[in-house]
Amino acid sequence: MPLVLDPAAQDLLFREARTANTFTDEPVTDEQVQAIYDLVKYGPTAFNQTPLRVVLVRSAEARERLVTHMAEGNQAKTAAAPLVAILAADNEFHEELPSLLPHFPQAKDLFFSERPARESAASLNAALQAAYFIVGVRAAGLAAGPMTGYDAAGIQKEFLDDDHTPLMVVNIGKPGEDAWFPRSPRLSYEDVVTTV
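The following paragraphs examine the structure supplied in this document. (Residues numbered from 1 in each chain as written. Predicted model: local features only at pLDDT ≥ 70, side-chain atom pairs only at ≥ 80, totals over all residues. Heavy atoms only, no water.)

**Let's talk about the layout of surface pockets**
And then number 1: Put simply, the largest pocket is a space of about 210 Å³.
And then number 2: As for the largest pocket, its lining consists of F14, A17, R18, T19, N21, R138, F181, P182, R183, S184 and R186.
And then number 3: Among the residues forming the lining of the largest pocket, the class breakdown is 4 nonpolar, 3 polar and 4 charged. (1 Å grid on protein atoms, 1.4 Å probe; cavity = no way out; pocket = protein on both sides within 12 Å on 5 of 7 lines; lining within 4 Å. Points joined across faces, edges and corners; volume = space filled by probe spheres on them. Nonpolar A, V, L, I, M, F, W, Y, C, P; charged D, E, K, R; others polar.)

Below, the structure written as structure tokens:
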């Protein structure tokens, strides 16, 4: 067997996992979210940077504000999800590099002194971390509903600041009734992989 991960875990994380569109009303606890983060923080990034920032939208008032910025097709499910997380990229992540990359602290100034370089790196590496976060949600026995259908400028103004760029909004919880759309096709190995 080429994979060492148990087949049940493979199903949980990938083969049977789906984007959830409905959820039960079972709450998602802070302890669950911390366990998710404490697992996925070990996923690799360039220069060990950690630009991902997570805003948990828990209060009814904050949820109402968020829903107004979601695309129409995403509003009802965002309003009903037990927990919603805004995943964002911190464009000033480089300030933490000396402690995160102690063997190469000068990387902060050598590679990330200019804002465009930081924004590009933050976008890519926070997106990697967001993908790890989604897999971590699945590892916790929960379902994730990641969405990019929203008013990014509105979410940034409402929940973030000019140094943070929203990447996605993720509904989180136990899947509810009729939570899944039919599985969409995937490209085959032969369509994706070439050898040179």
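**Regarding the pattern of salt bridges**
And then number 1: Throughout the structure, instances matching the rule amount to 12 salt bridges.
And then number 2: A salt bridge links D30 to R58; the shortest N-O distance between them is 2.9 Å. With D30 in helix 2 (residues 30-40) and R58 in the loop between strand 1 (52-57) and helix 3 (60-67), this pair connects stretches of sequence that are 28 residues apart.
And then number 3: The exposure class assigned to D30 is partly exposed, which follows from its relative accessible area of 47%.
And then number 4: Measuring nitrogen to oxygen at the nearest pair gives 3.6 Å for the salt bridge that ties K41 to D38.
And then number 5: Among the residues examined, D38 registers a relative accessible area of 32% and is labelled partly exposed.
And then number 6: What you see here is one network of salt bridges that share partners, running through E92, R115, R118, E119 and D163. (Salt bridge = Lys/Arg side-chain N within 4 Å of Asp/Glu carboxyl O. Helix = DSSP H or I, 4+ residues; strand = E, 2+ residues; numbered from the N terminus. Buried < 20%, exposed > 50% of the residue type's maximum accessible area, 1.4 Å probe, protein only.)

**Observations regarding helix 2**
Given 3.6 residues per turn, any residue in an α-helix points the same way as the ones three and four places further on.
And then number 1: If you check which residues of helix 2 are buried, you get V33, I36 and V40. Projected onto a plane normal to the axis of helix 2, the buried residues spread over an arc of 60 degrees and lie on a single side. Residues of helix 2 that are exposed and point over 90 degrees away from its buried face: E31 and Q34.
And then number 2: In the core, the buried residues of helix 2 are packed alongside strand 1, strand 2 (83-90) and helix 7 (115-139). (Arc of directions from axis to C-beta. Contact = heavy atoms within 4.5 Å.)

**As for the side chain of R138**
And then number 1: Within the secondary structure, R138 is located in helix 7.
And then number 2: For the buried R138, no salt bridge is present, and the opposite-charge side chain at shortest range is D11, 11 Å distant.
And then number 3: Discounting residues that sit within four places of it in the chain, R138 has contacts with L12, L13, F14, A17 and R18. (Lys, Arg positive; Asp, Glu negative; His and termini not counted.)

It is worth stressing that arrangement in space is one thing and function is another; only the former is reported here.
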